[in-house]
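Analysis of the macromolecular model
The lines below spell out each chain.
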Amino acid sequence: MLGIKTENDARPSGDGWIGPAPSIEMSLPGPNAKAMIERDERCSSPSNTRDYPLVVRRALGSVVEDVDGNRFLDFAAGIAVCATGHCHPKVVEAIQQQAASLMHICGSDFYYPAMVDLVEKLVSIVPGKGAKRVLLTNSGTEAVEATMKLSRFHTGRKWIIGFHGAFHGRTMGALSLTCSKARQKEGFGPLVPMIAHVPYGDVDAIESQLFKYQMAPNEVAAIFVEALQGEGGYVVPDPSFLTGLRALCDKHGILLVCDEIQSGAGRTGKWFAYDHAGITPDITLMAKGLASGMPLGAVIAREGVMNWPPGAQGSTFGGNPICCAAALATLRLVESGFMANAAKLGEHLLSELRAIAERRKVVSNVRGLGLMCGVDIINRRTGKADPKLREKLLKAAFDRGLIMLACGDRSIRFCPPLCINETQLDVGLKLFDEALATVV
Ligand code: PLP
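**Some remarks on the site of the ligand**
- In the region of the ligand, the neighbouring residues are Ser139, Gly140, Thr141, Phe167, His168, Gly169, Glu226, Glu231, Asp259, Ile261, Gln262 and Lys288.
- With respect to the ligand, the backbone of Gly140 contributes an N or O atom lying 2.8 Å from an oxygen atom.
- Here a nitrogen atom of the ligand sits 2.7 Å away from a polar atom, N or O, in the side chain of Asp259.
- Protein contact buries 82% of the 390 Å² of open area that the ligand shows by itself.
- Class assignment of the residues belonging to the shell around the ligand gives a composition of two nonpolar, six polar and four charged.

Take a look at the structure:
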């Protein structure tokens, strides 16, 4: 099998080197993985969606090792979470140091340096000159949930607008705003009222349909948008979509909320996907890559928007000291190199994917920004989505030692850790190409 050793695979001291990837020694799943899956399936919620049987023992950089010692290249980063790679030594060190001094005190009730340092840092990376304020949460969905409340509270209006294909989370409020797959909502109604959706990319539909038939613009609190739609299929909108939304919100006094939970923290080669369109939202949401895998979300609002009083919002664990320390280490690493790496390697990834799409007719619609790229997998004859083919492809890639994830109804996403290097990217693309060859 292909084996490479690169500086991103190993800890600087060399003591954590877990070996080259890919390295697949057996047909998958191996015996330890099989046993683990059997135990899991007896006790875990059946709502989990596992596309293939990966059981992870440890991971470092862009390499993941399973419980049987097989090693994989990671093109999914735990769903775009491990921004700095798995277990980056500087993030691990920050977590260890923080854990040894303060694990919890509750940021809603008291103060601590890690939280103060982090909110100051977040305020500095979000565009816009005026003062800003930050609320820290445990997850993306809670950041969305809190922002739905804040939008209604701040504006005194009730309606919230989102987009087809949007994914904003699974708690009741965020789920009501999510419009990605019907299955995610099935059986859970009634959902939060006064939420409407229009097609992603279509600003005109808001004025010509919603404002005409459904609600007056002066009753709309907020528009929630992913500047690069994630779960809906890694859809890159025309920049005029975001500038159009900004103008519409300004015209009607509506808050523009950019959900950068998947696309933020440097993944697209800039801090935020909306930076590519040059807009400044009223509220920016972060989570996922923010703390390299520790559970943390953030709501960052421009001056005056976060005007709710003490007690209006709070959380026992939100902004936990260890998560804040991990986030500070993450943001330092992203700023000092990984964001630039995402921009540079993103170009390379796109051009290699375009070359693959030239050769393999089941691959189409190559798109992306930085290390957030997607392709569609389509039926060669009909040109339509082919979910079975996509499933086979993911499994064939896994069998070769490449971890990938689907998104939308026809897409595969490429969202490796931002520390990945060109050699690893090329090896992964070769595995993807080989997997394609076996399924078509
Ligand atoms: N918003 C976006 C854009 C997401 O991609 C996700 C998760 O995939 C969420 C919100 C929800 O985040 P979490 O899973 O941390 O609740």
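**What to know about the packing of aromatic side chains**
- If you walk through the whole model with that rule in mind, you get eight aromatic pairs.
- Arranged with centres 6.1 Å apart and planes meeting at 85 degrees, the rings of Phe163 and Tyr200 form a pair that is edge-to-face. Of this pair, Phe163 sits in strand S5 (residues 159-163) while Tyr200 sits in the loop between strand S6 (195-198) and helix H7 (204-214); the two residues are 37 residues apart in sequence, bridging distant segments of the chain.
- Note on Tyr200: relative accessible area 16%, which makes it buried.
- Pairing Phe272 with Tyr274 gives two aromatic rings, centres 5.1 Å apart and planes at 15 degrees, and the pair type is stacked. An identical accessibility class is assigned to Phe272 and Tyr274; each is buried.
- In textbook terms, an aromatic cluster arises when at least three aromatic residues are bridged by ring pairs, as seen for Tyr52, Phe72 and Phe398.

**Regarding the nonpolar core**
- Among the nonpolar cores identified, the biggest contains 117 residues, and Leu122, Ile223, Leu245, Phe414 and Phe432 are the most heavily contacted of them.
- Here this core spans two domains, since at least three of its residues come from each of domain 1 (4-87 + 360-439) and domain 2 (105-319).
- The contacts of Phe414, once residues within four sequence positions are left out, are Phe75, Tyr234, Leu349, Leu353, Leu371, Met372, Cys373, Gly374, Val375, Met404, Leu429 and Phe432.
- The next biggest cluster of nonpolar side chains, apart from the first, holds 24 residues, and it includes Ala143, Val144, Leu150 and Ala174.

**A few points about the domain arrangement of the protein chain**
- Per the domain assignment, the segments of the protein chain are domain 1 (4-87 + 360-439) and domain 2 (105-319).
- Relative placement of domain 1 and domain 2: their C-alpha centres are 29 Å apart.
- At the interface, 24 residues of domain 1 touch 20 residues of domain 2.
- Taken together, both faces of the contact between domain 1 and domain 2 bury some 1,800 Å²; the carbon and sulfur share is 61%.
- Here domain 1 is connected to domain 2 by one salt bridge.
- For the pair domain 1 and domain 2, the number of links is ten residue pairs in polar contact (both at pLDDT 80 or more).
- Counting residues per element, the ones that place at least two in the side of domain 1 that touches domain 2 are helix H2 (77-80), strand S11 (363-369), strand S12 (372-377) and strand S15 (411-414).

**Here we look at the pattern of salt bridges**
- Tallying each qualifying case throughout the model produces 16 salt bridges.
- Here Arg57 makes a salt bridge to Glu65, at a shortest N to O gap of 3.1 Å.
- Residue classification places Glu65 among the buried positions, given a relative accessible area of 3%.
- Where Arg302 meets Asp282, a salt bridge forms, and the shortest distance between an N and an O atom there is 2.6 Å.

**Some points on unusual backbone geometry**
- The omega torsion of the bond from Leu28 to Pro29 falls at 0 degrees, within 30 degrees of zero and hence cis.
- Topologically, Pro29 is positioned in the segment before helix H1 (31-43).
- Following Gly189, the chain continues to Pro190 via a peptide bond in cis, the omega torsion being 0 degrees.
- As for its placement among the helices and strands, Pro190 is situated in the loop between helix H6 (172-177) and S6.
- Positive phi, close to 60 degrees, is recorded for Ile79, a residue that is not glycine.
- Relative to the elements of secondary structure, Ile79 occurs in helix H2.
- Even without being a glycine, Ala265 presents a positive backbone phi close to 60 degrees.

**What to know about the layout of surface pockets**
- Of the voids in this model, the second largest pocket is the one considered here, and its volume is about 770 Å³.
- In terms of lining, the second largest pocket is formed by 26 residues, of which the most central are Gly107, Ser108, Met115, Val134 and Leu135.
- Of all the secondary-structure elements, those providing two or more residues to the lining of the second largest pocket are helix H4 (113-125) and strand S4 (132-137).

Analysis parameters
- Going along each chain's sequence as written, the residues are numbered from 1 onward.
- Two thresholds apply to this predicted model, a pLDDT of at least 70 for residue-level local features and 80 or more for giving and counting side-chain atom pairs, whereas whole-chain, interface and lining totals are computed over all residues.
- Only hydrogens and water are set aside when side-chain values are computed; all heavy atoms of the structure are taken into account.
- The nearness test applies per residue and asks whether one of its heavy atoms lies within 4 Å of the molecule or strand.
- Any pair of N or O atoms that falls within 3.5 Å is considered a polar contact. Within protein, one atom must be able to donate a hydrogen and the other to accept it, and sequence-neighbouring residues count only if both atoms are side-chain atoms.
- Residue burial considers only the protein chains on display, and all accessible areas are found by Shrake-Rupley using a 1.4 Å probe.
- For this scheme, ten residues count as nonpolar: Ala, Val, Leu, Ile, Met, Phe, Trp, Tyr, Cys and Pro. Four count as charged, namely Asp, Glu, Lys and Arg, and the remainder, Gly too, count as polar.
- In summary, the pairing rule links any two rings of Phe, Tyr or Trp, Trp by its six-membered ring, whose centres are within 6.5 Å, and it sorts them by plane angle into stacked for under 30 degrees, edge-to-face for over 60 and tilted for everything else.
- In this text, helices come from DSSP runs of H or I with a minimum length of four residues, and strands from runs of E with a minimum of two, each type numbered from the N-terminal end.
- The rule is simple: take the accessible area with a 1.4 Å probe, protein chains only, and divide by the maximum for that residue type; under 20% is buried, over 50% is exposed, in between is partly exposed.
- Buried Ala, Val, Leu, Ile, Met, Phe, Trp, Tyr and Cys residues that are joined via side-chain atoms within 4.5 Å together make up what is termed a nonpolar core.
- Where each domain starts and ends comes from a domain assignment, either automatic or drawn from a database.
- Here, two residues are considered to be in contact whenever any of their heavy atoms come within 4.5 Å of each other.
- Once two parts are brought into contact, the accessible area they lose, counted with a 1.4 Å probe and summed over both, makes up the buried area.
- Here, a salt bridge means any side-chain nitrogen of Lys or Arg that lies within 4 Å of a carboxyl oxygen of Asp or Glu.
- A cavity, in this analysis, means grid points on a 1 Å lattice covering only the protein atoms where a 1.4 Å probe fits yet has no way out; a pocket is instead an open set bounded by protein on both sides within 12 Å along at least five of seven lines, and a residue lines either one if it has an atom within 4 Å of a point.
- Grid points are joined across faces, edges and corners, and a volume is the space filled by probe spheres set on the points.

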